[in-house]
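What follows is the residue order along each chain.
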Amino acid sequence: VRREINTPAAYQMKRTLFENALTLVRDDRNFTRDASGAAQPVSTFTDAVATLALGDTTLTLFQQNCGRYAPLVHFNVGLTVDSLTTARLLDSLSRYRLVLVSHHKTRSRARDNYGLSDSQIALVNQLNRRTNVALTLFGNPYSAKYFDDCPALMVAFTEDPMAQEVAAQMWFGALDVRGKLPVT
């Protein structure tokens, strides 16, 4: 049954759906476009780029895929981030010109903050005040409400491995971002 369902054509259709669904909600500091509007991949910042995965303490597929485009330093934190870890991360990450932050282990319900802890939200917002942050949400687009000040925000809607691959490709300019946010 799996062979009949998971055909190369089905795989390609799924990939096409992700390529058309992932949405760059904003890019206020032109991380993906230069002043003329031409594509400018995040890789132009590679002299000092790091990744930070929220909610997953192991290297994520998104981080692995980003690492295919440039030599990056990867950081990971679980659901809760204590004050000492926050201080250490802020100290380490503020040295980078750009930090690609990704939210993993998401939830669909607002009452659960969509899987975000208060300490994760505070960490991202504090980091955003110290350096450039480009955030990818692998979950509910309504969770973007916690990051109104984040200058670059992509919504990938799901943690599916293909969504993580496509998101990395979009940040690094291998794919154009075409999606439109279905909610406001």
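For the structure itself, consult the block above.
Figured I'd write up the structure that's included with this text. Each chain has its residues counted from 1, running along the sequence as written. With pLDDT at 70 or above as the cut-off, local features in this predicted model cover only qualifying residues; side-chain atom pairs require 80 or more to be listed or tallied, and sums for whole chains, interfaces and linings still use all residues. With hydrogens and water set aside, each side-chain value is computed from the structure's full complement of heavy atoms.

If you look at the biggest cluster of nonpolar residues, it comprises 28 residues, and the most contacted ones within it are L52, L54, L93, V101, L123, L127 and F147. What counts as a helix is a DSSP run of H or I of at least four residues, what counts as a strand is a run of E of at least two, and both are numbered from the N terminus. By residue number, the principal contributor to this core is helix α5 (residues 118-130), which donates four residues. Contacts: residue pairs with any heavy atoms within 4.5 Å of one another. Apart from residues no more than four positions distant in its own chain, L54 is found in contact with V77, V101, S102, H103, H104, L116, Q120, L123 and V124. Among the nonpolar cores identified, the runner-up in size contains 24 residues, and L72, M162, M170 and W171 belong to it. To form a nonpolar core, buried Ala, Val, Leu, Ile, Met, Phe, Trp, Tyr and Cys residues must be joined to one another through side-chain atoms within 4.5 Å. Each residue is placed in one exposure class: buried if its accessible area under a 1.4 Å probe, protein chains only, is under 20% of its type's maximum, exposed if it is over 50%, and partly exposed if it falls in between.

Another point: the sheet that holds strand β5 (residues 132-137). Following DSSP output, two strands are said to pair if at least two bridges run between them. Pairing is mixed across the open sheet formed by six strands, whose spatial order is β1-β6-β5-β4-β2-β3. The strands lining the two open edges of the sheet, one partner per strand, are β1 (23-27) and β3 (73-77). Ignoring strand direction, the axes of neighbouring strands in this sheet form an average angle of 15°. Across five bridges, the pairing between strand β2 (residues 49-54) and β3 is parallel. Across the sheet, residue A50 finds its bridge partner in β3, namely V73. Every axis in this analysis is a line fitted to C-alpha atoms, fitted for helices over the stretch in contact. Angles between the N-to-C directions lie between 0 and 180 degrees. Here α5 sits on the sheet and contacts β2, β3, β4 (98-103) and β5; the angle it forms with β2, its principal contact strand, is near 160°.

Further remarks concern the pattern of salt bridges. Criterion for a salt bridge: a side-chain nitrogen of Lys or Arg within 4 Å of a carboxyl oxygen of Asp or Glu. Using the criterion set out here, one finds six salt bridges in the structure. Across the salt bridge formed by R15 and E165, the nearest N and O atoms sit 3.5 Å from each other. Remark: E165 occurs in helix α6 (residues 161-171) and R15 occurs in helix α2 (residues 8-21); sequence separation between them is 150 residues. Judged by relative accessible area, which is 12%, R15 ranks as buried. The partner of K105 in a salt bridge is D56, and the shortest N-O contact between them spans 3.8 Å. Taken together, the residues span a long stretch of sequence, with K105 in the loop between β4 and α5 and D56 in the loop between β2 and α3 (61-66) at a distance of 49 residues. Judged by relative accessible area, K105 falls into the partly exposed class, the value being 47%. Under the relative-accessibility criterion, D56 is labelled buried at 13%.

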